[in-house]
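The lines below spell out each chain.
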Amino acid sequence: MAVVKVDKLARSVAEGPSLMTGSNPTKNWMDVPVVFKPGNYAYTTKPEKLEYLDSQQGVSFPNARVWNPEDEDWKLPENWKEIIINGLAERLDKFRSLKIFMDCCVRCGACADKCHFFLGTGDPKNMPVLRAELLRSVYRQEFTLAGKLLGKMAGGREMTTAVIKEWFMYAYQCTECRRCSVFCPYGIDTAEITMMLRELLHLVGCGINWAMEPVANSNRTGNHMGLTPQAFKGNVEFLCEDIENLTGIHIEPSFNRKGAEILFITPSADVFAEPGLFTCMGYLLLFEAIGLDYTWSTYASEGGNFGLFTSNQMMKKLNAKMYAEAKRLGVKWILGGECGHMWRVIHQYMDTMNGPADFLEVPKSPITGTVFDNTASTKMVHISEFTADLIKQGKIKFDKSRNSHVKATWHDSCNTARGMGLLEEPRYILDNVVDNWVEMPENTIREKTFCCGSGTALNTDEIMELRMRAGLPRANAVRYVADKHAVNTLACVCAIDRATLTTLMNYWNPDVQVCGLSELVGNALIIEGEKRAENLDEGLRTMVF
Ligand code: SF4
Ligand code: SF4
């Protein structure tokens, strides 16, 4: 799918129909049907992927079929309305948050212009308040007295094929980033509403392949790319060879080693794709420098959890392998790499879904003796917490000049910033590993950070224009510091961000590269016995022959 030229898209965002530019829609939102056309929807799930998942214990993904959103007939099961309404009733009963979110919105509009999808598309249905209303209107009709008696007059509406089509369109134009919830006086979390919409759609076999194929791969092989244990191990060993060529440091990583003190789990993207590979080299160097007793697992070979974008049951099933593997290997605690949604799942759901992990110890750094009390329930420490502590206790040293090619800015990934409050540690690390870094404007960082625009399994090429639109608020803030401070590097701690922001920067700010924080750590780390190659002008990215 060809993507529109950057100047044309920028003009259309600035001048196009939008509440931001004063051009208000003329019809009631309920009377505006969605129109699917190439480029505005992600491809639907391949039936064989759904059939495979539906055959697995503990999860249900029925109604596999070939279908196309552009078709009039979506081949829904005969009793699809009943399935959806029953599914909603079940979830209202099970999730108190959903019931509260359905009832307590006062339509103040504080969230309306906070969503990057709304800012990038100008589509009123991408305002978080209206996105939620897509579900709330059916809830009112079916589950409230006013809705049952007064229907549309009370803001209710019947569940029709037009409504389910609308759900599919807008549940996949939300990255569950939770920026809107920061601004809502009632704390309504539209991401949770989107999660429910996606769950309900799955009940009738309506999902997207870019979510479900990684989920199927993760369930089958342990990681979303479907890498075999041999390939996973081989990739890490290749990285060690690269490290030896660049630094003279010889590393022999261990896999599935019983009795190791720590199990290390990171997104599989760190092991197989640029720029994550350089982040992974950073971890390997750091662990070697401090002599950490750790092991990789070829079973828990994925920290990311695409189940989060799919259903609660699927998220729980994929997450369970972390504790299962920690138990099998007999480690004391788990250290986790740079990822966004992995940490959202760990921080917000893991303990109650698959815990308590009483067989593990409260994490204690074997190098500094620091006890990470904040992880007492999950028993998992984020690599930035771990690294920041090493720096603070003077256990590692850096030569910042090795990052002299970098003028950085910091992207707070939605899930680590808003989902777990990881705000200070990355900044502290940056202070110590680079000479030059600057913040983006205040309303685009920390809790108010803007999403990359392609999270929650929207990182797929067929919706590239939509992604570039949704990523524009982030890209715009990067452009500001690039113009003002000659920033050339956007650093972050999220594997999806590293992939999506690279595409986003190539489009909006082609002179800005994207890197993981641990890559910058690896670049600057001073290690005993190292023999760094000369002219490592690009740090660990430098090609050495
Ligand atoms: S900010 Fe909260 S209460 Fe106000 S419209 Fe948005 S969701 Fe509703
Ligand atoms: S969670 Fe993020 S993407 Fe979804 S409606 Fe809120 S701001 Fe938009």
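Within any chain, residue numbers begin from 1 and follow the written order of that chain's sequence. To label them, take the chains in the order written and letter them from A, then take the ligands in the order written and number them from 1. The predicted origin of the model limits local features to residues at a pLDDT of at least 70 and limits the giving and counting of side-chain atom pairs to 80 or more, whereas totals for whole chains, interfaces and linings rest on all residues. For side-chain calculations, the full set of non-hydrogen atoms in the structure is used, while hydrogens and water are omitted.

Trainee: Kindly report on the pairing of strand β3 (residues 333–336), identifying the contributing residues and their values.
Mentor: Alternating residues of β3 divide into W333 and L335 and I334 and G336, and every residue in both groups is buried. Orienting the strands away from the viewer, one traces the path from the first strand over the helix to the second; a clockwise path indicates a right-handed crossover. A helix here means a DSSP run of H or I that spans at least four residues, while a strand means a run of E at least two residues long, and both kinds are numbered starting from the N terminus. In terms of handedness, the path from β3 via helix α16 (residues 341–354) over to strand β4 (residues 380–382) forms a crossover that is right-handed. The cut-offs for exposure are 20% and 50% of the maximum accessible area for each residue type, with area from a 1.4 Å probe on protein chains only; residues under the lower value are buried, those over the upper are exposed, and the others partly exposed.

Trainee: How would you sum up helix α21 (residues 472–485)? Please name residues and give values.
Mentor: Working note: α-helix, 3.6 residues per turn, so residues spaced by three or four point in the same direction. Its 14 residues place the ends of α21 19 Å apart at the C-alpha level, agreeing with the 20 Å of an ideal helix rising 1.5 Å per residue. For α21, the complete set of buried residues consists of L472, P473, R474, A475, A477, V478, V481 and A482. Count one or two residues on from α21 and you reach A486, which has phi positive near 55°. By definition here, a helix of n residues has an expected span of 1.5 Å times n minus one.

Trainee: So, the site of ligand 2: which residues are in play, and what are the values?
Mentor: Around ligand 2, the surrounding shell consists of C115, H116, F117, P128, R131, C174, T175, E176, C177, R178, C180 and T190. Taken together, the elements giving at least two residues each to the shell around ligand 2 come down to α5 (116–121) and α6 (128–143). Residue classes follow a fixed rule: Ala, Val, Leu, Ile, Met, Phe, Trp, Tyr, Cys and Pro count as nonpolar, while Asp, Glu, Lys and Arg count as charged, and any other residue, Gly among them, counts as polar. Considered class by class, the residues forming the shell around ligand 2 number 6 nonpolar, 3 polar and 3 charged. For this purpose, a residue is taken to be near a molecule or strand whenever a single non-hydrogen atom of the residue falls within 4 Å of it.

Trainee: Outline helix α19 (residues 424–433), listing residues and values.
Mentor: Among all positions in α19, only P426, R427, I429, L430 and V433 are buried. Buried residues along α19 cover an arc of 160° about the axis, so they all sit on one side. Two residues qualify as a contact provided that any one of their heavy atoms is within 4.5 Å of a heavy atom in the partner residue. Next to the buried residues of α19 lie α17 (383–392), β5 (408–410), β6 (437–438) and α23 (517–524). In this description, one arc is meant: the one made by directions from the helix axis to the C-beta atoms.

Trainee: So what's going on with the side chain of R198? Which residues, and what values?
Mentor: Considering the arrangement of structural elements, one finds R198 in helix α10 (residues 190–203). A relative accessible area of 0% places R198 in the buried class.

Trainee: Please give an account of the nonpolar core that cites residues and values.
Mentor: The tendency in soluble globular proteins is for nonpolar side chains to be buried as a group. Think of a nonpolar core as a cluster: buried Ala, Val, Leu, Ile, Met, Phe, Trp, Tyr and Cys residues, connected wherever their side-chain atoms sit within 4.5 Å. Residues L284, F287, W296, L335 and F386 are the most contacted members of the largest nonpolar core, which totals 76 residues. With residues up to four places along the chain from it excluded, the contact list for L284 reads V236, L239, C240, I243, I251, Y294 and W296. Of all hydrophobic cores here, the second largest spans 75 residues; its members include W67, Y172, F309 and L466.

Trainee: Lay out the sheet that holds β6 in plain terms, naming residues and giving numbers.
Mentor: A strand pair is defined by DSSP finding two or more bridges across the two strands. Ordered in space as β6-β5-β7-β8, the 4 strands form an open sheet in which the pairing is parallel. Both outer strands of the open sheet, β6 and β8 (513–516), are each paired with one neighbouring strand and no more. Sheet topology places strand β7 (residues 489–492) next to β8; 4 bridges connect them, and they run parallel. Each residue of the ladder has a partner; that of A491, found in β8, is C515.

Trainee: Any details on the packing of helix α14 (residues 276–290) against α17? Residues and values, ideally.
Mentor: For the pair α14 and α17, the least separation of the axes is 13 Å and the interaxial angle reads 40°. Overall, the two elements α14 and α17 adopt an arrangement that is oblique. Crossing of α14 against α17: the hand is left-handed. Contact residues: α14 offers Y283, L286, F287 and I290, while α17 offers I383, F386, T387 and L390. Interaxial angle, 0 to 180 degrees, is taken between N-to-C directions of lines fitted to C-alpha atoms, where a helix line uses only the stretch in contact. In these notes the angle categories are as follows: under 35 degrees is roughly parallel, over 145 is roughly antiparallel, 65 to 115 is roughly perpendicular, and the rest is oblique. For any helix crossing, the convention is left-handed if the near helix is rotated counterclockwise from the far helix by under a right angle, and right-handed if that rotation is clockwise.

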